Structures are given as structure tokens and as C-alpha cells.
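One-letter residues, chain by chain:
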Amino acid sequence: MKNFTSFADSGDYKALLQQALEIKAKPYGYQHIGRNKTVGLIFFNPSLRTRLSSLKAAYNLGTQAWVLNAGADSWTLEMADGAVMNGGPQEHIKDAIAVMSQYCDVLGVRTFPTLKERDEDYGEVVFTKILQYATVPVISLESATLHPLQSFADLITVAETKPKARVKVVLTWAPHVRALPQCVPNSFCDWFSEIDWVDFVITHPEGYELDPKFTKGARIEYDQHKALLGADYVQAKNWSSYLNYGQVLQNDPAWMLTPEHMARTHNARFLHCLPVRRNVEVSDAVLDAPGSLIVQQAGNRVFAMQAVLHELLRGQ
Ligand code: AN0
Ligand code: CP
């Protein structure tokens, strides 16, 4: 593994999943890998879970760690190549990333999409620059199109709780009050369409189709109730339109997950990456039910990150 930005970077996902489960069973058992190493984390956007689980993972592995809130704690950064920097931004991303690489052995970066220019977001223009200027391995803490650590934690959660060998996993769109990125659902599709013991179904209103590059031919069922039939796991998430880029096309409250929706499933366990808008995306009754895995799922962010850090640092 050179960097961790997508499912493809996980290489042999079964081996990485096994490693994460072993690390979870013995979180402090690999500190020889992290000794005298430093994990750097740069956030261009807010975070609760990614920030704290990444720090916890680094500490578990015996590394040092630092966090920088780009723009807020540091100089504001210029992104454009060849810019004449006579405007607001004070430092070029090229210099900032090269310098930060001097201060760590692996760099985690969060950069959300603009949701304005689809070509720019889906070209991962900012993240590509970061990969170009970094001289250490880079981990995506959520880029413009993907959130691989989240999906890996989702996979760990399903793997450690699954009641039978083959399971049906449903990703359902849910309403929200804002226009959100497609990163979490793109990434969920990027991972779950590849898992050979998962029957994967995506459900959303028409117009919310995701980039086929990530759905990879997975079954799309526009009728949410039909999609939920017999599900063993339901992951809910809002996203804005990919086709009418960044738009909220409709926000039908009937798509909010309630116990009536869950009653159509095979006693499904409930997943959400968080943060969740309670009683907008999902009702309290679903989030607080015994079948809700949301806190365990967030807890597994530590072991997803720790397995990735272990993989990137073990050869150094
Ligand atoms: C972000 C998103 O949808 O990408 C982060 C989720 C992990 N969510 C919000 O902005 C609410
Ligand atoms: N799920 C997730 O990535 O949460 P944060 O945005 O709080 O890091």
C-alpha cells in the first residue's frame, strides 16, 4: 500500500480486514511499528470522528500525532498552479504540503468537494495536488468523492456482527436540510459492491443516481420499501444529486427511516456514518433501537485507521 484513498488501495481487502480485527483484539500489540513515527493530520473541513479516531489510532500504534486545521490554524492556502499570489491566500499548497511532509511519516488529509464544479470535484483536483506534493504516504480522511476509512469501518462492523455467511446490505438515501457530498455513499458502493459475501442494493429517489464508476453495476431499486425487504443491514445517508450536480432535487420525508421501514427488513442492524440529523434522516426510534450499530461503527473508525497506519508504516 502506497497511499490509502479508495477501495483499490486496500489491495487484498480480506487481509486488511483480518488485520483490523486482530488489531481490535489487541490494540496496543503493534507499538513497535509506530515507535519514533509521527502521524500528521490536516483538516480543510470540520470533523469529530475522523479527527479523534485518527489520533486514537496513532496513539494505540505508539506514534506521535499532530493536527492542523488548514486556514484556521495556519495561513490560508492558494490551490491554483502558477497563481500570482497577490490576493488573499498567503501560502501555496505546494509549499505547505512539502513542508508538512518534513514533520511526519504519514499524512492524513480531509478536503470536501465544492459541490459546484463536478469536473473539478470528480477529478479530485485538490487531492491529486496533495498526492503530488507529499513526500510521505497520504491517507484520505474524506476527499471530494470518497471516504474510504468510513467504508472500511462499516465493513469491519458488518463483518464482526453478521448473523450468517451471506448478508443483504442496503444503502438508502435519506432526507436532509442541506446539500451534502456524495463521498460517503460513493465510497460505500466502492467497497460493498466488491464484497463477495454481500448482496448489495442501493435505493434512492430518481435523480439521485451516483457515479457508475463507484456503483460498479450494483442493483439500484427505486422503491425503498422493496429494497428493504429481507435486508440484514441498512445504511442510511443523505447525498445531493450527482447528475444535477450538488442540487437538492426533492426531500420527501417519507424516505426518513422509521421503525415501519425497518419492519420490512430481516430484523436488520442499522448503520449511519454520523453525524446524523435525528428525526430528519432517521427517527430516534431507529437510531436508539437495540439493532442500531452507530456507536460501534464509529468506534471501529479507530481500528480502520490503525490497520491502515500499520500497513503504511510497517515497511518504513
Ligand atoms: C459530511 C458528508 O456528508 O460528507 C461528512 C460525513 C462523514 N456530512 C455532513 O456534512 C453533515
Ligand atoms: N463519519 C465521519 O467521518 O465523521 P466526522 O465528519 O465527524 O469525522
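Rules used in this analysis
Residues numbered from 1 in each chain as written. Chains lettered and ligands numbered in written order. Predicted model: local features only at pLDDT ≥ 70, side-chain atom pairs only at ≥ 80, totals over all residues. Heavy atoms only, no water. Phe/Tyr/Trp six-rings, centres within 6.5 Å; stacked < 30°, edge-to-face > 60°. Helix = DSSP H or I, 4+ residues; strand = E, 2+ residues; numbered from the N terminus. Buried < 20%, exposed > 50% of the residue type's maximum accessible area, 1.4 Å probe, protein only. Axes fitted to C-alpha atoms, helices over the stretch in contact; angles between N-to-C directions. Parallel < 35°, antiparallel > 145°, perpendicular 65-115°, else oblique. Left-handed = near helix turned anticlockwise from the far one by under 90°. Contact = heavy atoms within 4.5 Å. Nonpolar A, V, L, I, M, F, W, Y, C, P; charged D, E, K, R; others polar. Domains from an automatic or database assignment. Buried area = accessible area lost by both parts, 1.4 Å probe. Salt bridge = Lys/Arg side-chain N within 4 Å of Asp/Glu carboxyl O. Pairing = 2+ DSSP bridges. Near = heavy atom within 4 Å. Polar contact = N/O pair within 3.5 Å; in protein donor to acceptor, adjacent residues only side chain to side chain. Areas by Shrake-Rupley, 256 points an atom, 1.4 Å probe, with all protein chains shown as cover. 1 Å grid on protein atoms, 1.4 Å probe; cavity = no way out; pocket = protein on both sides within 12 Å on 5 of 7 lines; lining within 4 Å. Sits in = over half its atoms within 2 Å of the grid points.

J.: Can you tell me about the packing of aromatic side chains, naming the residues and giving the values?
T.: Applying the stated rule across the entire model yields twelve aromatic pairs. Centre to centre, the rings of Tyr122 and Tyr242 are 4.8 Å apart; their planes meet at 55°, and the pair counts as tilted. Linking Tyr122 in helix α5 (residues 118–122) with Tyr242 in the loop between β10 (233–237) and α11 (259–262), this pair joins segments that are 120 residues apart in sequence. Using a relative accessible area of 11% as the deciding quantity, one classes Tyr122 as buried. Site record: aromatic cluster; members linked through ring pairs are Phe4, Phe7, Tyr13, Phe152 and Trp191.

J.: Would you mind going over the packing of helix α7 (residues 148–161) against helix α8 (residues 183–192) in detail, with residue names and values included?
T.: Relative to each other, α7 and α8 sit at 50°, their axes nearing to 8 Å. With respect to α8, the element α7 is oriented oblique. Like other packed secondary-structure pairs, α7 and α8 cross with a definite hand, here right-handed. Contacts from Pro148, Ser151, Phe152, Asp154, Leu155 and Val158 in α7 reach Ser187, Phe188, Trp191 and Phe192 in α8. Looking at the contact of α7 with α8 residue by residue, the classes come out as seven nonpolar, two polar and one charged.

J.: Which residues make up the domain arrangement of the protein chain, and what values go with them?
T.: Along its sequence, the protein chain is organised into domain 1 (7–147 + 301–313) and domain 2 (150–298). Inter-centroid distance (C-alpha atoms) of domain 1 to domain 2 is 25 Å. Across the boundary between the two partners, domain 1 contributes 29 residues, which contact 36 residues of domain 2. At the boundary of domain 1 with domain 2, total buried surface from both sides reaches about 2,700 Å², with 64% on carbon and sulfur atoms. For domain 1, the biggest contributors to the area lost against domain 2 are Phe7, Leu115 and Tyr122; these three give 27% of the whole. Two residues, Lys24 and Glu160, come together in a salt bridge whose shortest N-O distance is 3.0 Å.

J.: Lay out the sheet that holds strand β7 (residues 167–173) in plain terms, naming residues and giving numbers.
T.: Spatial ordering of the open sheet is given by β9-β8-β7-β10-β11, a layout of five strands whose pairing is parallel. Both outer strands of the open sheet, β9 (219–220) and β11 (269–271), are each paired with one neighbouring strand and no more.

J.: Explain the pattern of salt bridges to me, and be specific about the residues and the numbers.
T.: Summed over the entire model, instances satisfying the criterion amount to twelve salt bridges. The salt bridge involving Asp284 is made with Arg278; its shortest N-O contact spans 2.9 Å. On the basis of relative accessibility, which here comes to 31%, the residue Asp284 falls in the partly exposed class. Residue Arg278 is classed as partly exposed on the basis of its relative accessible area, which comes to 38%. Connected via shared salt-bridge partners are Asp190, Glu194 and Lys216.

J.: Residues and numbers for the site of ligand 2, please.
T.: As a structural note, the neighbourhood of ligand 2 is formed by Ser47, Leu48, Arg49, Thr50, Arg110, His147, Gln150, Cys273, Leu274 and Arg301. Between Ser47 and ligand 2, the recorded distance is 2.6 Å, taken from a side-chain N or O atom to an oxygen atom. At 2.8 Å, a side-chain N or O of Arg49 approaches an oxygen atom of ligand 2. For ligand 2, whose free accessible area comes to 260 Å², the fraction covered by protein is 93%. In this structure the site holding ligand 2 corresponds to the largest pocket. Counting contributing residues per domain, the shell around ligand 2 is built from domain 1 (7–147 + 301–313) and domain 2 (150–298), each supplying no fewer than three.

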